[in-house]
Each structure stands twice: as structure tokens, then as C-alpha cells.
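Commentary on secondary and tertiary structure
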Amino acid sequence: MSDLIQLSEDERDCYQEITNVAMGQAADRLARLLGVYVVLPIPNVNLIEINEFKMTLKSLEGNSTVSAVCQGFIGAGIAGEALLIFNDASFAEIAKLLDYPGNLDQHEELEMLMDVANVLNGACIQGIGEQLDIDFSQSHPVILGQHCSIADLLEPNQSRWQRTMAIEINYTIEDHNINCDLLLLFTEDSVVHMNRLISFLMDD
Amino acid sequence: MTTKVLICDDSKMARKQMARALPADWPVDVHFAQDGQEAIDLIKAQSFDVLFLDLTMPVLDGYATLEIIRQEDLPIMVLVVSGDIQPEAQERVKKLGAIDFIKKPVDAEQIKQVLIEYGILRDQAHE
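All figures in this text were calculated on a predicted structure; none of them were measured in a lab.

What counts, and where the lines are drawn
- Residues numbered from 1 in each chain as written.
- Chains lettered and ligands numbered in written order.
- Predicted model: local features only at pLDDT ≥ 70, side-chain atom pairs only at ≥ 80, totals over all residues.
- Helix = DSSP H or I, 4+ residues; strand = E, 2+ residues; numbered from the N terminus.
- Buried ≥ 20, exposed ≤ 12 C-beta atoms within 10 Å, placed from the backbone.
- Contact = placed C-beta atoms within 7 Å.
- Rg over C-alpha atoms; globule rule 2.2 N^0.38 Å.
- Axes fitted to C-alpha atoms, helices over the stretch in contact; angles between N-to-C directions.
- Left-handed = near helix turned anticlockwise from the far one by under 90°.
- Nonpolar A, V, L, I, M, F, W, Y, C, P; charged D, E, K, R; others polar.
- Pairing = 2+ DSSP bridges.
- Core = buried A, V, L, I, M, F, W, Y, C linked by C-beta atoms within 7 Å.

1. Regarding the overall build of chain A
Within chain A, the regular secondary structure consists of 6 helices and 8 strands. Scored against the burial criterion, the 204 residues of chain A give a buried share of 40%. In chain A, 73% of the contacts between residues at least 6 apart in sequence involve partners at least 24 apart.

2. Some words on the overall build of chain B
Scanning chain B for helices and strands turns up 5 helices and 5 strands. Across chain B, helices and strands are ordered from the amino to the carboxyl terminus as β-α-β-α-β-α-β-α-β-α. Relative to the compact-globule value of 14 Å for 127 residues, chain B shows a C-alpha radius of gyration of 14 Å, a close match. Taking the principal axes of its C-alpha atoms as reference, chain B extends roughly 40 × 35 × 25 Å. Per-residue burial over chain B gives 37% buried out of 127 residues. For chain B, contacts bridging at least 24 residues in sequence account for 61% of all contacts bridging at least 6.

3. Here's the deal with the packing of helix α1 (residues 9-34) of chain A against helix α4 (residues 106-132) of chain A
Residue and element names in this part refer to chain A. Where α1 meets α4, the closest approach of the two axes is 8 Å, and the angle between their N-to-C directions is 145°. Seen from above, α1 lies across α4 with right-handed handedness. The segment α1 lies against α4, with Ile18, Thr19, Val21, Ala22, Met23, Gln25, Ala26, Arg29, Leu30 and Leu33 engaging Val119, Leu120, Ala123, Cys124, Gly127, Ile128 and Gln131. In the contact of α1 with α4, the residues fall into 12 nonpolar, 4 polar and 1 charged.

4. Section: the sheet that holds strand β5 (residues 100-103) of chain B
By way of backbone hydrogen bonds, the strands of a sheet pair with one another, either parallel or antiparallel. Residue and element names in this part refer to chain B. Overall, parallel pairing links the 5 strands, which are arranged β2-β1-β3-β4-β5 in an open sheet. With one partner strand each, in any of the chains shown, β2 (28-33) and β5 form the two edges of the open sheet. Mean inter-strand twist for the sheet, computed between neighbouring axes without regard to direction, equals 20°. In the packing of helix α3 (residues 62-71) onto the sheet, contacts are made with β3 (50-53) and β4 (77-82), and the angle to β4 comes to roughly 175°.

5. Let's talk about helix α1 (residues 12-21) of chain B
Among all positions in α1(B), only B:Met13, B:Ala14, B:Arg15, B:Gln17 and B:Met18 are buried. Against α1 and α6 (188-202) of chain A together with β1 (3-8), β2, β3 and β4 of chain B lie the buried residues of α1(B).

6. Topic: the interface of chain B and chain A
With 14 residues of chain B in contact, the opposing surface of chain A contributes 19 residues. Within the side of chain B that touches chain A, the residues separate by chemical class into 5 nonpolar, 5 polar and 4 charged.

7. Considerations on the nonpolar core
Across soluble globular proteins, you tend to see nonpolar side chains buried next to one another. All names here are of chain A. If you look at the biggest cluster of nonpolar residues, it comprises 82 residues, and the most contacted ones within it are Leu84 and Leu182. Ranked by residue count, the leading element in this core is α1, at 10 residues. Those residues in contact with leucine 182 that sit more than four places away from it in its chain are Ala82, Leu84, Leu120, Asn121, Cys124, Ile169 and Tyr171.

8. Some words on unusual backbone geometry
For residues besides glycine, phi is generally negative; the peptide bonds are generally trans as well. Cis peptide bonds are those with omega within 30 degrees of zero, and the linkage from B:Lys104 to B:Pro105 qualifies with -5°. Looking at the secondary structure, you find B:Pro105 in the loop between β5 and α5 (108-117). A positive phi angle is found at A:Asp133, which is not glycine, with a value near 60°. Structurally, A:Asp133 can be placed in the loop between α4 and β5 (137-138). The class of A:Asp133 is exposed, set by 10 C-beta atoms lying within 10 Å.

See the structure below:
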């Protein structure tokens, strides 16, 4: 299968631009929730193999522990997962911004993680859907792990797929030590469908 | 009179979308730049009337581009076109001298209204 999906430069550019708009909408929601300014990066769009993916993740987070939430989305023959990975160091800062008093217990952290995941994943997925004219349904967010290493996170999931399109967005928040990565992973079949959809956007 | 327009965006698709969203009856000479540095070089080499400027770009982003335009007092009207719709982003670019903010994806009718509002395009319906 892996020789079937490909991404031309124009297609990559198109996904990047669509993501750019969607993540702007997501950042706006997060900025309003936390009362901060979210620094927007240039998103990375790549076709990757599972091994490369692991390396990408490891390089993202260094040696710090992370907490992660994933959320599936599906619509019009397109399916994928949004994976939000938080550097654990970010929690105390987010708690401060959301006015949680004192030290966080695990339940409060979980609640916060879910809140932020709902805002970022939801807005981003819907933003991409709107531009492609797809009404995505989202599953309930699922905690993949709390305070674990990236390796632990990936271990149970590693054999489900070989190659995928990954869109990677690194959000940082200005003047605060908050850092998270949103990865949107699409199945191979979805990429074939999406390439057809974006060809309408790229038409002259 | 033909208006000289520069569209600066790192995305080829975004440049095309922007160019297509310009009013059909507006006599323009459209040029393109892929990042802020290219835009600055072009503005210095030949004068432009209007710059449509993206914010998130490699090499030189939109904020830095606005700063250079202001510091060097380059005579051009800048309209920022971005997906970064945070209120703070809009405030910042206006402080840096952009005359207005247009959110992506661009809408032809909105572009027209903005151009009329700032007297860049004359509203033929009211003449």
C-alpha cells in the first residue's frame, strides 16, 4: 500500500495552508480560554512511516515526561486521529491561568487536559473540515497516558499502521512555559480522498 | 490608473487564492513574494501601492516585515491577511502600521469592502 499515496509539492502546500487557517481558529479559542497570546508556527505536513514517526515524537519532547490525549474523527470517507501531547511542565502554568487553586491532583490535571484537548482538537478538526466541506464527527477524547515517556505512549499502538500523513503543529504560549504538540494523523485511504478534495481548492 | 499590488505569502495556494479574490473590475498589476524579505526587496526595487501580507512565514515573518516597513518608512499600504485571528494578533499588526486585518480564508466581498473603506478602490455603485 505504501507506494500508493504520495504528496506533490502543491498538495503539501495546500494542506499546510488549510492547517494554517484551522490552527489559527483553534489558537483563537485557546487564547480566549486562557487569556494569552498563542504563538503560531508553520505546520509540518509529511507522509511518514511508523519508525520515523517515533523519532519525530521523541525529538519533540526531549527527555521530559508527557501527557497525551487522542481523539478520532471521521466523515466523508476520511478518518484520522488527533493526538495532543503536553509537556508535563506546562500543567502548573495552565492551572494558574485557569485559576485552579494550589497543587493539582490527578483528577484536576485530567480535567484540564480534557478541556484544552477539546478546544484545540475540536477547533482544528472542524476548521479543516469546513474548508474541505466535510462535517467531521469526533469521538470522545481518550487519555493515552499521563506523566509517561513518549516510548510508553507508542508501545501499545505501534503495529496498527505503517504509513500515514501527519500534520504537526507545535503551539507555544507567549510569556508562559506552555508547550504542546498537536498531531493530526490520517489513514492512507483518507489521503487519497483528501487529495481529490483539495484538487478543487487548487484549481485555477 | 493601474494599482501596483504585491501579495506576500509563503503558500502558493494562498497567493493564488488572494489574487483570485481581488475585485475583477480593479485595474491592478499583481506581483508575488514568498516571504517578508522578498517583499521588502521588491518594495525597495520598485514601488508598490498595496501589500497583502501574511503573518506566519519563514525567513522574515509578517510582524518583522511590518517593522522594517515602518522603520524605513517605505511608502506602501499594508493589509495583513492571516489565519491568526487572535484579537491580540490584529491589535499588534495595527500598532505596527497595517491599515487593516483580513482573515483567511479570504473572501472576495470582504476584500472589496476593505478596499473601498480605505479609498483604495472606488465604489462604482455610489458614483
